[in-house]
Amino acid sequence: REFERIVDDAVKSLPEPFRGKIENVSIRVSESPNKRQSTRTREPSLYGLYEGVPRTERSVDDLPLGPDRITIFKRAIERDHKTRADMVRCIQETVLHELGHYFGLDDAQLDELGLG
């Protein structure tokens, strides 16, 4: 519960102009990636994953699908960050990173913004 609250707080702490542009995105916590999620990346410590169509790639002609998903992986974050403060910082950065993908930024752009 505490971990989920930290994730919720990370989203709620985003500036309103930014938060107001997030539509139809489910942000959830999972212990670890499932098999399908694991095959989508070679990242050894996967903290989060965005699954969906970035806003920059959408068309008005696209049929609406289910919500995009951002999953935050609890086990990897807890394993790699021993203090609560480090975990909170990692969760905040991970939420921002995955929302960056939702808004159409790639990993190189996120690295330039310090969210790699």
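Residues numbered from 1 in each chain as written. Predicted model: local features only at pLDDT ≥ 70, side-chain atom pairs only at ≥ 80, totals over all residues. Heavy atoms only, no water.

Undergrad: I would appreciate a short explanation of the pattern of salt bridges in the present structure.
TA: Opposite charge on two side chains permits them to pair, given that their charged atoms come into close proximity. The full count for this structure, using the stated rule, is 13 salt bridges. For E31, the salt bridge identified is with R75, shortest N-O distance 3.6 Å. Placement of the pair is E31 in the loop between β1 (25-30) and α3 (35-39) and R75 in helix α4 (residues 74-80), with a sequence separation of 44 residues. Since its relative accessible area comes to 38%, E31 is described here as partly exposed. Among the residues examined, R75 registers a relative accessible area of 46% and is labelled partly exposed. Each of the salt bridges in this network shares a partner with another, and the network as a whole consists of E2, R5, D9 and R84. (Salt bridge = Lys/Arg side-chain N within 4 Å of Asp/Glu carboxyl O. Helix = DSSP H or I, 4+ residues; strand = E, 2+ residues; numbered from the N terminus. Buried < 20%, exposed > 50% of the residue type's maximum accessible area, 1.4 Å probe, protein only.)

Undergrad: Can you walk me through the confidence of the model for the chain in this structure?
TA: Detailed reading of the predicted coordinates is not advisable wherever pLDDT falls low. Per-chain confidence: the chain averages 88 in pLDDT, with 94% of residues scoring 70 or above. Taking the mean pLDDT of every element in the chain, the minimum, 79, falls on α3 and the maximum, 95, on strand β3 (residues 68-73). (pLDDT = per-residue confidence, 0-100.)

Undergrad: What exactly am I supposed to notice about the environment of R69 here?
TA: If you trace the backbone, R69 turns up in strand β3. In this structure, the C-alpha to C-alpha distance between R69 and E98, residues 29 residues apart in sequence, is 9.4 Å.

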